[in-house]
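In case you want the letters, here they are:
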Amino acid sequence: MAKVLAMLAQPKEAPPPLENVEKKRLEIPYITKEKKVERRPVRLIMPKGATCPMPLIFVPHYEMGEDAMELRAYLQKGWAVASAVEFDNKYNAQLTDDDLVFNNAALYTLRNLPEIDRKRIAVVGGSAGGYMSLMLNALQLGICCSIANCPITNVYFNFYRYFVEANQLNQKAIEEMSKANGQVEDKKDRQPLDVMKSVMGLPLPFLAGLSRLFLPILQNFPNSNDMTRWEAFSPVALAETFCNPIVISHFTSDVLVPVDQVSKRFTYAEPGDSLPVNFSSRLPEDIIGKLGCSLEERLPEGETRIECIPALEANEDGILPYAADKRFNLNIYDEGPVEGYGSHRIQPGTGRIDDTPYLEEMLSITAAKTNVLTVEKLRLLLERYQGKSVQLPTHEGVDDEVYGSLNIYRKEVFEELSEWKKDNGADAWRAVGKELLNTQVDATYQEELQNLMEQF
């Protein structure tokens, strides 16, 4: 643990300031669960001289700093880059409610800017941002492609089951340390170094520090037995609604977001030597239904490529592996079993996996060719059009011109479905609509859907 912290503390040479770029600050309005209009800033960086409208890389949830090598690589390609700024840890606690609405609102705003080519927008995120990338893929139509690194795909497992059980291990260690000291420490008087030393003594130190930021998410699930609600906010249960190509990269050693929820094939049977032998990062067998499956199991086999890659390759500069003829690419880097001192991986990587070739190929194809409108996606979009979305609740009587209102939801859905119909033709539109109607047994609702689809 001390070695890892020392590596993280090594000073890094600051890259030179960005040159020949234009920066814009956008204040994104959205309606919160408290039915209030709030605004959060997004920074848009565009290369000067690039042809407009230009491709956009949207980084959801977390901020991509100006010193990020990825940012500079994207700008060199002539792509605009947008991410939230002034990030606050409270947004982690809002991952499945207000933060989810905000990121959808940000995408809605960005895709309607005159500088941006709405058919060439890619979403790239990691960890909680990887979760958000997958949720945007599930909820939106018109994204060209997505990249999710170490994403949370199962909020029920990751937050309600795994985090809670892992923290019980940390809590037991805290109690034992207190007994050994013969007294309970006064937390108010502890210095940062004292806190660091106590955290380093825990079985899962990084998880102890980060999990508390996310556990308030459980408030969005007041009935823990309501599996339908858990499914609504878990990408693994929304796999049928993924409509554009996705590349996912994950590590077998990930102790924060266990790889089992992405693929069960490459999870080690036992943890590493730093953890008790009975510690498990696997999906519990008592979870049934969609939430008991890995994402690999939920994706269409013929359209999915999965590869286990030696972790050494993640420490060297290389190209993001993918198969262009597969909609879904899963890269699992074998770093050995889960270790308590790890985070998303056992040790910080020393190389950079270049994702620009994948993005460049997908952006050249454009969303007009990469998007697939499934029956499940159409159903989800029409629910939002009706004001019945679970993930993006409708708030009427607040402000009809702000994201979160029925008026804006209808504009959004109408624009995206109309674009898809224009790109794919009326026959393709009718075929998907007919398939959706055939799944309905309620004649009244079937007629309602028929009338809705005629509006597009």
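Structure shown above.
What counts and how
Residues numbered from 1 in each chain as written. Predicted model: local features only at pLDDT ≥ 70, side-chain atom pairs only at ≥ 80, totals over all residues. Heavy atoms only, no water. Helix = DSSP H or I, 4+ residues; strand = E, 2+ residues; numbered from the N terminus. Buried < 20%, exposed > 50% of the residue type's maximum accessible area, 1.4 Å probe, protein only. Contact = heavy atoms within 4.5 Å. Lys, Arg positive; Asp, Glu negative; His and termini not counted. Charge placed at Lys NZ, Arg CZ, Asp CG, Glu CD. Polar contact = N/O pair within 3.5 Å; in protein donor to acceptor, adjacent residues only side chain to side chain. Pairing = 2+ DSSP bridges. Right-handed = clockwise from strand over helix to strand, strands pointing away. Axes fitted to C-alpha atoms, helices over the stretch in contact; angles between N-to-C directions. Salt bridge = Lys/Arg side-chain N within 4 Å of Asp/Glu carboxyl O. Expected span 1.5 Å × (residues − 1). Parallel < 35°, antiparallel > 145°, perpendicular 65-115°, else oblique. Nonpolar A, V, L, I, M, F, W, Y, C, P; charged D, E, K, R; others polar. Left-handed = near helix turned anticlockwise from the far one by under 90°.

1. What to know about the overall build of the chain
- From N to C terminus, the chain includes 16 helices and eleven strands.
- Each of the three principal axes of the chain carries a C-alpha extent, and together these read 75 × 55 × 45 Å.
- Taken across its 456 residues, the chain has 53% of its residues classed as buried.
- Sequence-distant contacts in the chain: of pairs separated by 6 or more residues, those separated by 24 or more amount to 76%.
- Within the chain, the 66 negative side-chain charges are centred at a point lying 3 Å from the centre of the 49 positive side-chain charges.

2. Details of the side chain of Asp98
- By secondary structure assignment, the location of Asp98 is in helix 4 (residues 98-111).
- Polar side-chain contacts of Asp98 include one of 2.8 Å to the backbone nitrogen of Lys33.
- For Asp98, the contacting residues outside a window of four places in its chain are Tyr30, Thr32 and Lys33.

3. Section: the pairing of strand 5 (residues 116-126)
- When strand 3 (residues 54-59) meets strand 5, the two strands line up parallel, connected through four bridges. Looking across to strand 5, one finds that Ile57 is bridged to Ala122.
- Looking at chain direction, strand 5 and strand 6 (residues 145-149) are connected through five bridges and run parallel. Paired with Val123 across the bridge in strand 6 is Ser146.
- Following the chain from strand 5 across helix 5 (residues 128-139) to the adjacent parallel strand 6, one finds a crossover that is right-handed.

4. Considerations on the environment of Pro15
- Looking at where Pro15 falls in the secondary structure, it is placed in the loop between helix 1 (2-9) and strand 1 (21-31).
- Along the chain, Pro15 and Ala368 lie 353 residues apart, while their C-alpha atoms are 37 Å from each other.
- Those residues in contact with Pro15 that sit more than four places away from it in its chain are Asp67 and Arg72.

5. Some points on the sheet that holds strand 1
- Pairing in this open sheet of nine strands is mixed, and the strands run 1-2-4-3-5-6-7-10-8 from one edge to the other. Whereas interior strands pair on both sides, the edge strands pair on one side only; in this sheet they are strand 1 and strand 8 (304-310). Each strand of the sheet is rotated relative to its neighbour by a mean of 20 degrees, with strand direction disregarded.
- In the sheet, strand 6 pairs with strand 7 (residues 246-251) via four bridges, with the strands oriented parallel. Looking across to strand 7, one finds that Ala148 is bridged to Ile248.
- Taken strand by strand, helix 2 (residues 69-76) contacts strand 1, strand 2 (37-47), strand 3, strand 4 (80-84) and strand 5, and its axis lies near 60 degrees from that of strand 2.
- Seen against the sheet, helix 5 touches strand 3, strand 5, strand 6 and strand 7 and runs at an angle of roughly 140 degrees to strand 5.

6. Description of the pattern of salt bridges
- The final tally for this structure, using the stated rule, is 30 salt bridges.
- Residues Glu360 and Lys77 are paired through a salt bridge, measuring 3.3 Å at the closest nitrogen-oxygen approach. In this pair, Glu360 sits in helix 11 (residues 356-365) while Lys77 sits in the loop between helix 2 and strand 4, placing the two residues 283 residues apart along the sequence.
- Since its relative accessible area comes to 38%, Glu360 is described here as partly exposed.
- For the salt bridge of Glu412 with Arg384, the shortest nitrogen-to-oxygen distance reads 3.3 Å. With a gap of 28 residues between them, Glu412 in helix 14 (residues 406-424) and Arg384 in helix 13 (residues 375-385) connect regions that are remote in the sequence. Residue Glu412 shares its accessibility class with Arg384, and that shared class is buried.
- A single salt-bridge network, built from bridges that share partners, covers Lys23, Arg43, Glu63 and Glu66.

7. Focus: helix 5
- Across its twelve residues, helix 5 extends 16 Å between first and last C-alpha, which sits within 8% of the 16 Å expected from 1.5 Å per residue.
- Listed in full, the buried residues belonging to helix 5 are Ala128, Gly129, Gly130, Tyr131, Met132, Ser133, Leu134, Met135, Leu136, Asn137, Ala138 and Leu139.

8. Here we look at the environment of Leu382
- Relative to the helices and strands, Leu382 is located in helix 13.
- A relative accessible area of 0% means that Leu382 is categorised as buried.
- Expressed as a C-alpha distance, the spacing of Leu382 and Leu449, which sit 67 residues apart in the sequence, is 8.0 Å.
- With sequence-adjacent residues up to four places away left out, Leu382 is seen in contact with Leu417, Leu436, Leu449, Leu452, Met453 and Phe456.

9. Focus on the packing of helix 13 against helix 15 (residues 426-438)
- Two elements in contact, helix 13 and helix 15, have axes separated by 9 Å at closest approach and are oriented at 80 degrees. Taken together, the axes of helix 13 and helix 15 lie roughly perpendicular to each other. Where helix 13 approaches helix 15, its residues Val375, Leu378, Arg379 and Leu382 are matched on the opposing element by Trp429, Val432, Gly433, Glu435 and Leu436.
- Residues of the contact of helix 13 with helix 15, tallied by class, amount to six nonpolar, one polar and two charged.

10. A word on the pairing of strand 2
- Of all the eleven residues making up strand 2, eight are buried; the element is thus mostly covered by neighbouring parts of the structure.
- One ladder, built from eleven bridges, connects strand 1 with strand 2; its direction is antiparallel. Directly across from Ile31, in strand 2, lies its bridge partner Val37.
- Taking the residues that link successive antiparallel strands as the turn, the strand 1-strand 2 hairpin has five residues, and the phi of Lys35 there is positive, at about 60 degrees.
- Taken together, the four bridges between strand 2 and strand 4 define a ladder with antiparallel strand orientation. In the strand pairing of strand 4, Leu44 is matched with Ala82.

11. Observations concerning the packing of helix 4 against helix 5
- Taken N-terminus to C-terminus, the directions of helix 4 and helix 5 make an angle of 65 degrees; their axes are 11 Å apart at the nearest point. Considering the relative orientation of helix 4 and helix 5, their crossing is right-handed. Touching Asp99, Leu100, Asn103, Asn104 and Leu107 of helix 4 are Met132, Met135, Leu136 and Leu139, all from helix 5.
- Class assignment for the residues of the contact of helix 4 with helix 5 results in six nonpolar, two polar and one charged.

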